[in-house]
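# Structural features, examined
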Amino acid sequence: MNGKVDALLGIVFGDEGKGKVVDFFTPRYGVVARFAGGPNAGHTIIFDGHKFVLRSIPSGIFNENTLNIIGNGCVLAPDLFMDEALELENAGYTSIRERLHISRRAHLILPTHRLLDRAYEAMKGKDKVGTTGKGIGPTYSDKAARVGLRVGDILDGFEEKYARLKARHEQTLHDLGFTDYDLSSVEAHWLEGVEYMRRFQLTDAENEINTLLDEGKSVLAEGAQGSLLDIDHGTYPFVSSSSTTIGGVCTGLGIAPQRIGRVFGIFKAYSTRVGSGPFPVELFDATGDRIRELGHEYGAVTGRNRRCGWIDLVALRYAIMINGVTDLVMMKSDVLDGFDTIRICTAYQKDGMLTREMPYNTEGWAAVYDDVPGWKAPLSSIRDEKDFPPAFSSYISRLENELCVPIRIISVGPDRDETIIRSE
Ligand code: IMP
C-alpha cells in the first residue's frame, strides 16, 4: 500500500506551536518534510528540560529513525542553517547529516537578500510589513523572477553565479540609496555555511519522497507560518512570500494532491499576530497584555511582542475551507485557565454590515463576540479528557459545532507529555 502525506498546518498567523506537535507526531512518520518558508520560522521544542528553536530544519530531527527533508518550496540561508545544525550536533545529535536531506531545488537566501529585505521595509515607512528581516520576500521574488540561486548551484559554478546575483543586488541597494552596510563579516560566515552545506545530502527530494511513498512510508509535511500569512490567501500585502497552505505542500514537495491524507490544522485557544497588518480581534488593553504574559507571546525569531486577542472563528472557518482541514489541534488552552469570561469572535462587522466570511480586506472590520464562562481551573496536570472542567468541555464543543471539524489533540502545556489525544 502506498503511503500518504499528512500535513500539519498553522491555520492562523503562525506561532501556533507546530514544533511541539510535529515532534510529538514524529514517531508515527518515516519522513518529516518542510515544504515552504525558511528561517523566518521558529519552531520551539521543549523536552527533558532542553529547549530547541528550529528555523529551517524539520522538527523530526530529534527522532533517530526519521528522515528529514527540506523541500524545494523552502528558502535556506547557509549561515543560519549551519548555526542551527551545529547547535544540534553539539547537543549530541551527531547523525543529522545522514538524517537530513536538502532539495537541490530549494532557493538560497543571500546576505544581500537580507539587506534588500531591510531596504524595502525602510522604503515602505508606516506601511511596512514588519518582516522577520531574514530576506524571505526578496529571495522568493528572485525565484519568481527566475534569477535566484538554488541549493544545487553550490555544486556547479557557484562562485560565478553568486557574484552575478550579489552584483545585481548591490546595484539595487545602490539605486535605493541603501549603502550604509558592511557585507564582509556576514559574507564570510555565509560562505562558510555554503561549505558546510556541501557535506549534506543535496537530493532531488521530489523523487525521493515519491519513492518513499511508493514503498509505503508515511510523510508528515510540516508547515511554517500560518494560513493567513499565505501569499495568496493571507491578509495581503501583510503576508509572507510563500504558499503556507495545503497547495504549498504539493508544489513545495513535488507530490500529487491524491497523495495527501489527513490535514491537521493547528491553532491556539486565542489569537496572536506578529508584524503589521489587520487583526480584528486584537486587544489593546490589560487583557491583551495578560494573554501575552501568560502565553509568553514574544517572537521566537525576532523577540518582538506578539499582538494578542481572542479566538477568531471567521479566520478559522476560512482556513479550514482553504486547506480542507480534517482534524484540529488546539494549543495553549492552559493560558486561559484564570479568565472569568472568555470571548469567541463569531463574525466581523463594519458600517452596519455583518459577515461570517473572511472579507477581501479585513482592515477596519471589528470583531463580534459571544461570551462564555471561563473554566477557572488549571488544565496542565490533566491527561484525560474526562477530567476536563465542564466549562472547558463546553468551550471545545462550541468550537467543534461552529467549525464542523473535530478537535483531535489538545495541548495543555509546553512539555511533550502535556498533550491529550481525544478518541476518534
Ligand atoms: P517575512 O516572512 O519575514 O517576510 O515576514 C512577513 C510577515 O510574516 C511578517 O508580519 C512576519 O512577522 C510574519 N511571519 C513570518 N514568519 C513568521 C512565523 O514563523 N510566525 C509568525 N509570523 C511570521
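Whatever comes next refers back to the structure up there.
Summarised in this report is the structure supplied together with it. Please read all numbers here as calculations on a predicted model, not as lab measurements.

## Considering the side chain of Arg-273
For Arg-273, the position within the fold is in strand S12 (residues 271-273). Despite its burial, Arg-273 pairs with no opposite charge, the nearest such side chain being Glu-363 at 7.9 Å. Those residues in contact with Arg-273, other than ones at most four positions away along the chain, are Phe-13, Leu-229, Thr-235, Phe-238, Pro-278, Phe-279, Arg-306 and Arg-307.

## Observations concerning the sheet that holds strand S2 (residues 31-34)
Spatially, the ten strands line up as an open sheet ordered S9-S7-S5-S2-S10-S1-S11-S15-S19-S20, and their pairing is mixed. Each end of this open sheet is capped by a strand with a single partner; those strands are strand S9 (201-203) and strand S20 (419-421). For this sheet, the mean angle separating the axes of adjacent strands, direction not counted, is 20°. Sheet topology places S2 next to strand S5 (residues 67-70); four bridges connect them, and they run parallel. Residue pairing across strands places Ala-33 opposite Ile-69, the latter belonging to S5. Contacting strand S1 (5-10), S2, strand S10 (219-222) and strand S11 (260-268), helix H9 (residues 246-253) crosses the sheet at an angle of about 125° to S1.

## A few points about the site of the ligand
Around the ligand, the surrounding shell holds 16 residues, and the nearest of these are Asp-15, Asn-40, Thr-132, Ser-240 and Arg-304. Between the ligand and Gly-130 there is a distance of 3.3 Å, counted from an oxygen atom to a backbone nitrogen or oxygen. Side-chain polar atom of Gln-225 to a nitrogen atom of the ligand: 3.3 Å apart, as the coordinates give it. For the ligand, the protein covers 96% of the area, taking 470 Å² as the surface of the free molecule. Taken together, the residues of the shell around the ligand sort by class into seven nonpolar, seven polar and two charged.

## Overview of the pairing of strand S15 (residues 327-331)
In terms of burial, S15 is largely enclosed, as five of its five residues are buried. What you see with S15 is no split at all: Asp-327, Val-329 and Met-331 on one side and Leu-328 and Met-330 on the other are buried throughout. Of the pairings in the sheet, the one linking S11 to S15 comprises five bridges and is parallel in character. Looking across to S15, one finds that Phe-267 is bridged to Met-330. Of the strand pairs in this sheet, S15 and strand S19 (residues 407-411) are connected by three bridges, and their pairing is parallel. Within S19, the residue paired with Val-329 across the bridge is Ile-409.

## Some points on the environment of Val-32
Looking at where Val-32 falls in the secondary structure, it is placed in strand S2. On the accessibility criterion, Val-32 (0% relative accessible area) is buried. C-alpha of Val-32 to C-alpha of Asn-68: the two residues are 36 residues apart in sequence and 4.9 Å apart in space. Not counting the four nearest positions on each side in its chain, Val-32 is found in contact with Val-22, Thr-26, Pro-58, Ser-59, Gly-60, Thr-66, Leu-67, Asn-68, Ile-69, Leu-220 and Glu-222.

## Re the side chain of His-43
Relative to the helices and strands, His-43 resides in strand S3 (residues 43-47). Residue classification places His-43 among the buried residues on the basis of a relative accessible area of 5%. Engagement of the side chain of His-43 in a polar contact is seen with the side chain of Glu-222, the distance being 2.8 Å.

## Here we look at the pattern of salt bridges
Where charged atoms from two side chains of opposite charge approach closely, those side chains can pair. Per the stated rule, a full pass over the model turns up 32 salt bridges. Close ionic contact of Arg-292 with Asp-289 constitutes a salt bridge, the shortest N to O distance being 3.0 Å. On the criterion of helical spacing, the pair formed by Arg-292 and Asp-289 is a turn pair, its members being three residues apart in helix H10 (residues 286-294). On the basis of relative accessible area, Arg-292 is assigned to the buried category, the value being 13%. Arg-398 is paired through a salt bridge with Glu-402; the nearest N and O atoms lie 2.9 Å apart. Within this pair, Arg-398 and its partner Glu-402 are both found in helix H12 (residues 390-403), separated by four residues, close to a single helical turn.

## Let's talk about the layout of surface pockets
What the second largest pocket holds in volume is close to 270 Å³. Forming the boundary of the second largest pocket are 15 residues, of which Gly-234, Thr-235, Tyr-236, Tyr-360 and Asn-361 lie nearest the centre. For the lining of the second largest pocket, a count of residues per class yields eight nonpolar, five polar and two charged.

## Details of the packing of aromatic side chains
To describe a pair of aromatic rings, one takes the distance between the centres and the angle between the planes. By the definition in use, this model includes 16 aromatic pairs. A centroid spacing of 6.1 Å and a plane angle of 25° characterise the contact between Phe-158 and Trp-190, whose relative ring orientation is stacked. Taken together, the positions of Phe-158 in helix H6 (residues 158-175) and Trp-190 in helix H7 (residues 184-197) put the pair 32 residues apart, joining distant regions of the chain. Relative accessible area serves as the criterion here: at 3%, Phe-158 is assigned to the buried category. Its guanidinium or amino end placed over the ring of Phe-339, Arg-290 lies 4.0 Å from that ring's centre, counting from NZ or CZ.

## Quick notes on the pairing of S5
By the alternation rule, side chains of S5 split into Leu-67 and Ile-69 and Asn-68 and Ile-70, which are all buried. One ladder, built from three bridges, connects S5 with strand S7 (residues 100-103); its direction is parallel. Its bridge partner being in S7, Ile-70 is matched across the sheet by Ile-102.

## As for the packing of helix H2 (residues 78-90) against H7
Here H2 crosses H7 at 60°, and the two axes come no closer than 7 Å. The angle between H2 and H7 places the two elements in the oblique class. As H2 packs across H7, the resulting crossing turns out to be left-handed. Counted together, Pro-78, Asp-79, Phe-81, Met-82, Asp-83, Ala-85, Leu-86 and Glu-89 of H2 and Val-186, His-189, Trp-190, Glu-192, Gly-193, Val-194, Tyr-196 and Met-197 of H7 form the full contact between these two elements. Class assignment of the residues belonging to the contact of H2 with H7 gives a composition of ten nonpolar, two polar and four charged.

Quick notes on the rules
- Residues numbered from 1 in each chain as written.
- Predicted model: local features only at pLDDT ≥ 70, side-chain atom pairs only at ≥ 80, totals over all residues.
- Heavy atoms only, no water.
- Helix = DSSP H or I, 4+ residues; strand = E, 2+ residues; numbered from the N terminus.
- Buried < 20%, exposed > 50% of the residue type's maximum accessible area, 1.4 Å probe, protein only.
- Lys, Arg positive; Asp, Glu negative; His and termini not counted.
- Salt bridge = Lys/Arg side-chain N within 4 Å of Asp/Glu carboxyl O.
- Contact = heavy atoms within 4.5 Å.
- Pairing = 2+ DSSP bridges.
- Axes fitted to C-alpha atoms, helices over the stretch in contact; angles between N-to-C directions.
- Near = heavy atom within 4 Å.
- Polar contact = N/O pair within 3.5 Å; in protein donor to acceptor, adjacent residues only side chain to side chain.
- Areas by Shrake-Rupley, 256 points an atom, 1.4 Å probe, with all protein chains shown as cover.
- Nonpolar A, V, L, I, M, F, W, Y, C, P; charged D, E, K, R; others polar.
- 1 Å grid on protein atoms, 1.4 Å probe; cavity = no way out; pocket = protein on both sides within 12 Å on 5 of 7 lines; lining within 4 Å.
- Points joined across faces, edges and corners; volume = space filled by probe spheres on them.
- Phe/Tyr/Trp six-rings, centres within 6.5 Å; stacked < 30°, edge-to-face > 60°.
- Lys NZ or Arg CZ within 6 Å of the ring centre and 35° of its normal.
- Parallel < 35°, antiparallel > 145°, perpendicular 65-115°, else oblique.
- Left-handed = near helix turned anticlockwise from the far one by under 90°.

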